[in-house]
Amino acid sequence: MNPRLAAAFVTGLAVPMLAAMAALPRHGSPDQPIHTHVAREYIESGPETGNLVTAILLDYRGMDTFGEVVVIFVGLVAVLVLARHREPALPAASPSPIVAFIVRLVTPFIALFGFHVILSGLEVPGGGLQGAAILGGLVILNGFVFGPQHARSLLPGRLLPWLQGAGPLAFLAAGIVGGIATGFALGYPTHLPLLHEAMLMGVELGIGIGGALIFSRLYLALEDA
Amino acid sequence: MTPLLENLDYAATVVLLLIGLWTVLADSNLLKKLMGLNIMETAVFAFIVTSGMIEGGAAPILGPDAAPPFMAPIPHALVLTGIVVAVSTTALALALLLRVHREFGTLEIDELRKRW
Amino acid sequence: MSELFDVVLLTLLILTALAVARARDLAAAAILFAAYSLMLCLLWLHRGAPDVALTEAAVGAGVTTLLFLVVIARTSR
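Since the model is a prediction, treat every value here as computed from it, not as a measurement.

Rules used throughout
- Residues numbered from 1 in each chain as written.
- Chains lettered and ligands numbered in written order.
- Predicted model: local features only at pLDDT ≥ 70, side-chain atom pairs only at ≥ 80, totals over all residues.
- Heavy atoms only, no water.
- Helix = DSSP H or I, 4+ residues; strand = E, 2+ residues; numbered from the N terminus.
- Rg over C-alpha atoms; globule rule 2.2 N^0.38 Å.
- Buried < 20%, exposed > 50% of the residue type's maximum accessible area, 1.4 Å probe, protein only.
- Areas by Shrake-Rupley, 256 points an atom, 1.4 Å probe, with all protein chains shown as cover.
- Lys, Arg positive; Asp, Glu negative; His and termini not counted.
- Charge placed at Lys NZ, Arg CZ, Asp CG, Glu CD.
- Phe/Tyr/Trp six-rings, centres within 6.5 Å; stacked < 30°, edge-to-face > 60°.
- Contact = heavy atoms within 4.5 Å.
- Buried area = accessible area lost by both parts, 1.4 Å probe.
- Salt bridge = Lys/Arg side-chain N within 4 Å of Asp/Glu carboxyl O.
- Polar contact = N/O pair within 3.5 Å; in protein donor to acceptor, adjacent residues only side chain to side chain.
- Nonpolar A, V, L, I, M, F, W, Y, C, P; charged D, E, K, R; others polar.
- Axes fitted to C-alpha atoms, helices over the stretch in contact; angles between N-to-C directions.
- Parallel < 35°, antiparallel > 145°, perpendicular 65-115°, else oblique.
- Left-handed = near helix turned anticlockwise from the far one by under 90°.
- Core = buried A, V, L, I, M, F, W, Y, C linked by side-chain atoms within 4.5 Å.
- Patch = residues over 30% accessible without salt bridge, like charges linked within 9 Å, V, L, I, M, F, W, Y side chains within 5 Å.

J.: How do you make sense of the overall build of chain B when you look at a structure like this?
T.: What chain B contains, in helices and strands, is 5 helices and 1 strand. The N-to-C order of helical and strand elements in chain B reads α-α-α-β-α-α. Over its C-alpha trace chain B gives a radius of gyration of 19 Å, far above what one expects of a compact globule, namely 13 Å for 116 residues. Dimensions of chain B, computed from C-alpha atoms along their principal axes, come out at roughly 65 × 35 × 15 Å. Relative to its full complement of 116 residues, chain B shows a buried share of 60%. Accessible surface for chain B amounts to roughly 4,500 Å². Of this, 67% is attributable to carbon and sulfur atoms. One finds the centroid of the 7 positive side-chain charges in chain B at a distance of 20 Å from the centroid of its 10 negative side-chain charges.

Right under this line is the structure:
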């Protein structure tokens, strides 16, 4: 489209949209509908301590998160199908010594932080999805600096096909265990604190490790395409 | 004009959405269009997070030191899911663009029209 | 003070988004997109959404930008 025409169209669109924004309840005020219904209910009767966002992701909207891990898994499958044609991998350009040193220096710390974020998500900001993004970004960073072959060597070899699906598999397992313990699929047995904790941790680890491997494989597939 | 000034944060997300839309419509490079699409996505996320904000509120993490009011946690969970799905759709779009580039040797929309 | 911070952050956000839209060079646009994501991350931290900010910092400035750079490098040969 002609840039002038597009600019005129976008400017025209701005008027009704800004008018709609002006008609919304004043932002930040505590009596907006968003704060007076579900959110207040959840803050008052949800878990007493810990990170409410993680609790919502795993429990209140657990089915939604299950759907999401399935979506990113299917996204990986689609990318792998599209990127099937293999060309000989490029030899990695030798990185500048400063960049290589810094990346080697920070890699173990970022990996540690990623696992910390996955496992402490119930108490402080963090969780499976965040940790997956950090660990996946770390593998991609290494591949970007040292070449895709190096990134591939960071991934687990034989277990990779199973670990890639760890998110959906962990959710399935938690759904079955929860179903047996409470009678509802993905129900969490709050009367058995140890089992409850173990289920939450298992799902977090599944989302985190599975998601990190899916991000890494997405990068490798684009590199090989 | 006053209501719009009070909702300045919402207005900023609309501007971001329109900048993204302009990139999608006007730029001739498919990769730039994809970046425009990403800007539109993040503008919607910013709008949803902003709607859950409460004046002087704390992050929705409960504990002995935390005191209400808390930000609404549900929009945060919604956006968290959305961001991760957005990455996988972006990766899918990039894989499609690589295929287009292998078939036609270009990502400029004008060039692509000629070789169709 | 907090309002001023908000206005400065929103202005920077819109400026970086405009810079992405206007950049001629694709690699420059990708790096500007990373800067845009970091602005957004700061905004969300300021809005009391640390979880979302953490994800956006790792995804927007890390994964998405690097994927863009990989494809730019592979298509500009």
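Following the structure, the description resumes.
J.: What is the right way to read the overall build of chain C from this model?
T.: A count of helical and extended segments in chain C gives 3 helices and 0 strands. Going from N to C terminus, chain C has its helices and strands arranged as α-α-α. Taking all 77 residues of chain C together, the buried fraction comes to 60%. Carbon and sulfur atoms make up 73% of the accessible area of chain C, which totals about 3,100 Å².

J.: What is the right way to read the packing of aromatic side chains from this model?
T.: Remark: the centre distance and the inter-plane angle together describe each pair of aromatic rings, the angle taken between the planes. Residues and elements named next belong to chain C. Applying the stated criterion across every chain yields a total of 4 aromatic pairs over all chains. Look at phenylalanine 33 and tyrosine 36: their rings are 5.9 Å apart centre to centre, the planes differ by 35 degrees, and that puts the pair in the tilted class. Here phenylalanine 33 pairs with tyrosine 36, and both are found in helix 2 (residues 26-46), just 3 residues apart, close to one helical turn. Using a relative accessible area of 0% as the deciding quantity, one classes tyrosine 36 as buried.

J.: Help me understand the interface of chain A and chain C in this model?
T.: Between chain A and chain C, the contact holds 21 residues from the first and 14 residues from the second. Across the chain A/chain C interface, buried area totals approximately 1,600 Å², and carbon plus sulfur atoms make up 75% of it. Counting the surface chain A buries against chain C, the share from its top three residues, A:Gln130, A:Phe144 and A:Leu222, is 30%. Counting every contact that joins chain A to chain C gives 0 salt bridges. On the surface where chain A and chain C come into contact, there are 4 residue pairs in polar contact (both at pLDDT 80 or more). Only helix 4 (52-60), helix 6 (97-119), helix 7 (128-146) and helix 11 (193-224) of chain A provide two or more residues apiece to the side of chain A that touches chain C. Here the side of chain A that touches chain C gets 8 residues from one element, more than from any other, and that element is helix 7 of chain A. Of the residues belonging to the side of chain A that touches chain C, the class tally is 13 nonpolar, 6 polar and 2 charged.

J.: Would you mind showing me how to read the packing of helix 6 of chain A against helix 7 of chain A here?
T.: Axes are the key here: two packed helices are described by the angle between their axes and the distance separating the axes. All names here are of chain A. Relative orientation of the contacting elements helix 6 and helix 7 amounts to 165 degrees, with a least axis distance of 9 Å. Compared by their axis directions, helix 6 and helix 7 come out roughly antiparallel. In the crossing of helix 6 with helix 7, the sense of the turn from one axis to the other is left-handed. Two secondary-structure elements touch here, helix 6 through Val99, Ala100, Val103, Arg104, Thr107, Ile110, Ala111, Phe113, Gly114, Phe115, Val117 and Ile118 and helix 7 through Gly128, Gln130, Gly131, Ala132, Ile134, Leu135, Leu138, Leu141, Asn142, Val145 and Phe146.

J.: Explanation requested: the interface of chain B and chain A in the structure shown.
T.: A common way to express how large an interface is: the accessible area buried when the components associate. Contacts between the two partners involve 48 residues from chain B, matched on the other side by 53 residues from chain A. The contact between chain B and chain A buries some 4,700 Å² in all, and 76% of this surface belongs to carbon and sulfur atoms. Contact with chain A buries area across many residues of chain B, yet B:Leu25, B:Leu62 and B:Ile74 alone supply 13% of it, more than any other trio. At the boundary of chain B with chain A, the tally comes to 0 salt bridges. Inspection of the region where chain B meets chain A yields 4 residue pairs in polar contact (both at pLDDT 80 or more). Among the residues making up the side of chain B that touches chain A, the classes are represented as 35 nonpolar, 8 polar and 5 charged.

J.: How should I be thinking about the nonpolar core in this particular structure?
T.: One recurring pattern in soluble globular proteins: nonpolar side chains tend to sit buried together. Counting 116 residues, the largest nonpolar core has B:Leu31 and C:Trp44 as its most contacted members. Per element, the largest residue contribution to this core is 13 residues, and it comes from helix 4 (residues 73-104) of chain B. If near-sequence neighbours (up to four positions away) are discounted, B:Leu31 is found in contact with B:Leu94, B:Leu97, B:Leu107, C:Leu26, C:Phe68, C:Val71, C:Ile72 and C:Thr75.

J.: Explain the packing of helix 5 (residues 62-82) of chain A against helix 10 (residues 166-182) of chain A here, please?
T.: Residues and elements named next belong to chain A. Two elements in contact, helix 5 and helix 10, have axes whose closest approach is 8 Å; the angle formed by their N-to-C orientations is 150 degrees. Between helix 5 and helix 10, the interaxial angle falls into the category roughly antiparallel. Helix-helix and strand crossings are classified by hand; for helix 5 and helix 10 the assignment is left-handed. Taking contact as the criterion, the partners of Gly62, Thr65, Phe66, Val69, Val70 and Phe73 in helix 5 are, on helix 10, Gly167, Pro168, Phe171 and Leu172.

J.: I keep staring at a nonpolar patch on the surface and nothing clicks. Help me out?
T.: Residues and elements named next belong to chain A. Nonpolar side chains collect at one region of the surface, where Ile98, Phe101, Ile102 and Leu105 lie side by side and expose about 420 Å² of accessible area between them. Relative to the helices and strands, isoleucine 102 is located in helix 6. By relative accessible area, isoleucine 102 is classed as partly exposed at 42%.

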